[in-house]
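# Secondary and tertiary structure notes
Next come the chains, spelled out residue by residue.
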Amino acid sequence: MKLVIFPLIFIFFQTLTAQNFEIKGKVLDPDGRPLESATVFVEKIADSGLVTYTVSENDGSFVIAGKTEAEKLNFKISFSGFKPYFRQIKIVEEIQMGEISMETETKNLNEVIVTANRAPITIKKDTLEFNADSFITRPDANLEELLKKLPGVEVDIDGNITVNGRPVSKFLVNGEEFFGDDHRIATKNLPKGIIDKVQVMDTKTKAQEFTGRPGDPDNKTVNVTIKKNKNKGYFARATAGGGTDGRYELSGIGNYFKNDLRVSVLGSSNNINSSGFSYDEVYGMMGRSAARSVSGGNRDGITKAETGGINFVNKWDNDIKLNADYFFGRNDTERSTTVARENILPDSRYFTNSDDSSNLLNDSHRANTRFEVEFDTLTRLSVRPRFNSNYGTSYRSRFSESLDENRNLINNSTSLSNEQLESENFSNDIDFIKRFGSRGAYLQLEFSNDHSRQRNDNFYYSESMFFKESDVVTEIQDQYINEDEKKNEYSFEVSKRSVLAPQFFLDLSYDFDYSNSTNKRFVYEAENGDYNILNNVLSNDFDVTSKRHTPTLGLNYEGDSWRINTDFGLIHTSLENENFLEETSFDNAYDNLFIRARVRYEIERSKSLSLRYDTSADIPSIRQLQPVVDRTNPLHIVVGNPELRPSYRQRINFDYRNFDFATRSGFSSWINMSFTDNDVVSVTIVDEDLVRNTTYTNVNGSKDANVGASFNKQIKVENEEFRYSIRLNTSYNKNVGFINAVKYNAESYSISPNIGFTYAIEELFEINPNYDLSYHNISYDINPDRDEEIINHRVGLGVTSYWPKNVVFGNDISYNYFGNVSPGFDNTSILWNMSLGYKFLNDDATIKVNVYDLLDQNVDTRRIIGDDYIQDTRSLILTRYAMLSFTYKLGNFGGNTPGEGRRRRSR
């Protein structure tokens with residue numbers, strides 16, 4: 001009890017002694033013109049600790065408010081190109097600074113840069129830059145904890161990052177990728193103490209960076225820079241743990257930095273469904289899985305994972321860059337799923353139940369390389385080869401049954417399969433750019449190729465029983481299925497940009513895409529223990545070739561406030577199918593209009609409107625095209641349709657974004673719509689034995705829409721912080737299909753609001769309550785009596801205590817309620833994860849006890865609403881275990897060991 005009372009008493013008296021203040025003024029340049037986006041901030045005199053900050057408005061005015069115990073503070077203003085402004089002020093309730101004229105920077109440049117860099121935030125033309133030292137975290141915090149402190153930045157439970165409502169699609173360290181595209185390896189493992197700046201910008205391709213073209217404002221890139229005095233050294237972390245029920249965890253990561261050279265090595269092994277690298281500072285490899293949303297569910301199955309990887313980055317003096325990484329993974333995954341499904345027919349319904357168990361052993365290899373060379377300041381060549389492969393063995397058993405509307409048994413089926421799986425993929429991108437002058441003109445040549453192959457050897461056995469009025473009919477399949485699928489894709493694009501006027505460009509391009517897919521599937525029936533009788537009906541040798549030509553012309557204006565991009569052209573698609581076994585072929589050509597138009601208006605700093613319209617043509621998959629019978633599921637037989645046409649989709653997107661740095665609040669809203677012609681949909685006939693026979697056709701009329709808004713706000717007073725976010729998302733979908741020769745429309749609506757809060761006092765505790773609701777409604781015109789609505793709820797609470805010193809106590813609790821599930825399925829779930837850790841040896845060592853699913857009440861129940869069915873599932877998931885682990889960190893940067901740095905307060 002004392003552990004709770006003493007901190008509360010401390011907080012109470014601290015609040016009584018704090019002084020509210022509000023500072024007003026206006027920032028001007030030497031000519032008296034207002035300066036927008038100047039950083040205005042106040043710091044403590046004793047340790048230069050940041051108290052609060054703001055950014056000047058477009059008229060140069062600012063209001064900075066906060067609370068402090070100090071009698072005096074340092075008042076500062078920073079703006080690129082001007083000398084930093086400094087003044088010591090006495091704290092009273094209202095402070096009028098009047099008009100402040102900044103002086104142009106003329107000399108002593110190095111000193112100015114050092115001082116200016118202490119500004120907590122800097123807004124440049126296309127980059128938002130945070131100074132890491134200005135945001136206080138725990139001494140041993142990782143990069144993810146720093147990101148959570150930044151205004152407008154949100155990090156969800158899975159580690160996904162958004163900035164002012166926009167998703168982060170690329171994450172860089174010193175301008176280069178860190179282990180490919182999994183940013184969590186960087187955010188979970190890089191210590192905050194080595195970070196200098198966090199830069200946020202619109203996502204750009206390497207070509208856009210080189211040519212100066214604007215990036216994608218709907219997606220953000222985060223670049224983390226390492227402090228110069230920390231960019232020479234190493235750091236490493238290793239964890240080992242053992243627990244109940246044979247659970248264990250082992251992981252390690254090591255990093256070496258030397259200016260432009262970076263080498264990282266990692267490895268892990270565990271059987272607790274962890275990747276091994278998404279390490280949480282409170283919960284370790286167990287993670288914060290209790291806080292997942294109602295639609296996210298748990299990770300089904302139990303996986304033993306062994307992984308290892310290496311990443312190498314370097315830049316040489318002759319402007320040659322190399323970024324390469326390699327990953328190896330070995331997974332042993334056990335899954336078990338129970339399904340209860342109600343199938344909706346035009347004039348009736350029927351039910352299917354199934355139990356499915358599987359075990360997959362898989363080895364994967366992934367290698368990526370990016371090689372760049374700049375021949376001169378105007379010419380660059382980039383080559384990026386990638387390789388992926390998987391080799392595995394799958395064992396699967398399945399039992400399913402079908403019952404009529406009166407729950408009478410009509411059929412059942414038992415199947416077993418033993419399958420060898422192999423897949424390889426190699427792709428390569430070559431990009432050559434020649435710029436002409438500095439006004440934006442260039443010529444670009446791009447070539448890419450992608451080659452993939454998948455081979456399956458499957459020994460398949462099934463026994464199906466059909467219950468007639470007078471007898472039982474049994475069908476047996478005992479087969480060896482040999483399948484080999486190849487896909488070869490090539491793409492070539494040439495584009496030329498000419499300057500018509502300042503910020504006004506003419507773009508010409510031609511894009512050619514070629515794709516060839518082959519599928520050889522040979523099914524052999526068993527005879528006397530051997531599989532040597534070819535089943536021609538179930539076998540195929542099929543070839544699909546598509547060619548797409550897209551010439552376009554674009555007029556683009558790229559101003560400071562307005563950005564107008566228009567591209568018009570033609571999509572000419574040819575599709576050729578050939579069935580070698582049946583000696584049949586089909587080919588045709590299709591023309592569609594290509595339009596890509598976007599208008600974006602930057603109303604003011606961090607406030608924008610955007611409207612976009614684009615079209616695309618999608619080619620059906622080889623599975624949908626090949627006219628061969630697939631009886632792998634004897635109760636659901638599928639055959640393709642070689643006469644399918646490419647689908648044509650039109651998309652409209654509108655969004656509004658606004659982030660106010662003065663109030664630390666952000667608002668975003670969006671409207672997205674799409675309309676699809678020639679959509680590929682299933683056509684299903686259910687026979688009297690309740691066996692589904694499915695093929696595919698094209699239909700018009702599919703559409704979907706999405707409307708939503710979000711708001712977040714951060715309040716920081718001295719060492720206290722309060723954050724909250726509110727999000728509402730609504731969607732509408734209309735899908736068209738066929739069941740028993742009847743065309744149907746399935747319309748669904750969903751509403752998903754959620755709200756989350758964070759209250760934290762540095763070095764003491766953090767509380768995170770949150771709530772999600774998910775409402776779904778679907779109407780079936782084929783059977784209006786079966787319209788369905790579902791309401792799911794989730795309430796979560798995270799509480800972490802950092803008091804007393806060196807002790808970290810975390811609790812992550814989630815309660816889920818699943819609406820309308822079938823009898824026999826649990827509709828409630830409680831997941832409580834607990835962690836207690838103690839740090840010692842200058843915080844380099846941690847001993848930790850974790851308990852997953854403390855109450856042993858976790859379940860994985862889901863209700864899925866389809867176009868012509870309602871389905872409940874229950875899956876095998878990880879349940880309660882306890883784990884004792886030990887973690888040790890070591891490192892040396894610029895001559896300082898981590899222990900020396902952590903003895904001081906992390907800023």
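Right, let's walk through the structure included here.

About the criteria used
- Residues numbered from 1 in each chain as written.
- Predicted model: local features only at pLDDT ≥ 70, side-chain atom pairs only at ≥ 80, totals over all residues.
- Heavy atoms only, no water.
- Helix = DSSP H or I, 4+ residues; strand = E, 2+ residues; numbered from the N terminus.
- Buried < 20%, exposed > 50% of the residue type's maximum accessible area, 1.4 Å probe, protein only.
- Contact = heavy atoms within 4.5 Å.
- Salt bridge = Lys/Arg side-chain N within 4 Å of Asp/Glu carboxyl O.
- Polar contact = N/O pair within 3.5 Å; in protein donor to acceptor, adjacent residues only side chain to side chain.
- Pairing = 2+ DSSP bridges.
- Axes fitted to C-alpha atoms, helices over the stretch in contact; angles between N-to-C directions.
- Core = buried A, V, L, I, M, F, W, Y, C linked by side-chain atoms within 4.5 Å.

Within the chain, the secondary structure is distributed over seven helices and 48 strands. For the chain, the C-alpha atoms occupy an extent of roughly 95 × 75 × 55 Å along the three principal directions. Put simply, the chain has 907 residues, and 48% of those count as buried. Partitioning the intrachain contacts of the chain with sequence separation of at least 6 by distance along the chain shows that 65% fall at a separation of at least 24.

If you walk through the whole model with that rule in mind, you get 47 salt bridges. A salt bridge links D507 to R213; the shortest N-O distance between them is 3.8 Å. Pair noted here: D507 is in strand 26 (residues 504–527) and R213 is in the loop between helix 5 (206–211) and strand 15 (216–226), with a separation of 294 residues, a long-range link. Accessibility expressed as a relative area gives 9% for D507, which makes it buried.

Glancing now at the side chain of S702. Tracing the backbone shows S702 in strand 38 (residues 702–717). Accessibility expressed as a relative area gives 5% for S702, which makes it buried. At 2.9 Å, the side chain of S702 and the side chain of D679 are in polar contact.

Pairing is mixed in the open sheet, where three strands are placed in the order 4-1-7. Both outer strands of the open sheet, strand 4 (61–68) and strand 7 (94–101), are each paired with one neighbouring strand and no more. The average angle at which neighbouring strand axes cross in this sheet is 20 degrees, direction not considered. Two strands pair when backbone bridges link them, and strand 1 (residues 19–28) and strand 4 are joined in this way by eight bridges, in the antiparallel orientation. By the bridge assignment for strand 4, F21 is matched with G66.

A few words now on the side chain of S462. Relative to the helices and strands, S462 is located in strand 24 (residues 441–467). When near neighbours in sequence (up to four residues on either side) are disregarded, S462 contacts T414, S415, E475, I476, Q477 and P634.

For the rest of this paragraph, the subject is the pairing of strand 25 (residues 472–501). Consecutive side chains of a regular strand alternate in pointing toward one face of the sheet and then the other. Sheet topology note: the strand 24/strand 25 ladder contains 26 bridges and is antiparallel. Paired with D450 across the strands is E489, a residue of strand 25. Connecting strand 24 to the next strand, strand 25, in antiparallel fashion are four residues. When strand 25 meets strand 26, the two strands line up antiparallel, connected through 22 bridges. Residue pairing for strand 26: Y490 is matched across the bridge by Y514. Linking strand 25 back to strand 26 in an antiparallel pair, the connection comprises two residues, with Q503 at a positive phi of about 70 degrees.

What follows concerns the nonpolar core. In this structure, L147, L190 and I195 are the most contacted members of the largest nonpolar core, which totals 42 residues. Core analysis: the next-biggest nonpolar cluster, separate from the first, contains 20 residues, F21, I23, V27 and L35 among them.

On to unusual backbone geometry, then. Here the amide bond leading from W803 into P804 is cis, since omega sits at 5 degrees, within 30 degrees of zero. With respect to the helices and strands, P804 occurs in the loop between strand 42 (788–801) and strand 43 (807–817). The phi dihedral of N174 falls on the positive side, at around 50 degrees, and the residue is not glycine. Judged by its relative accessible area of 32%, N174 falls in the partly exposed class. Of note, D843 is a non-glycine position whose phi angle comes to about 70 degrees, a positive value. Mapped onto the elements of the fold, D843 is located in the loop between strand 44 (828–840) and strand 45 (845–852). You can call D843 buried: its relative accessible area is 16%.

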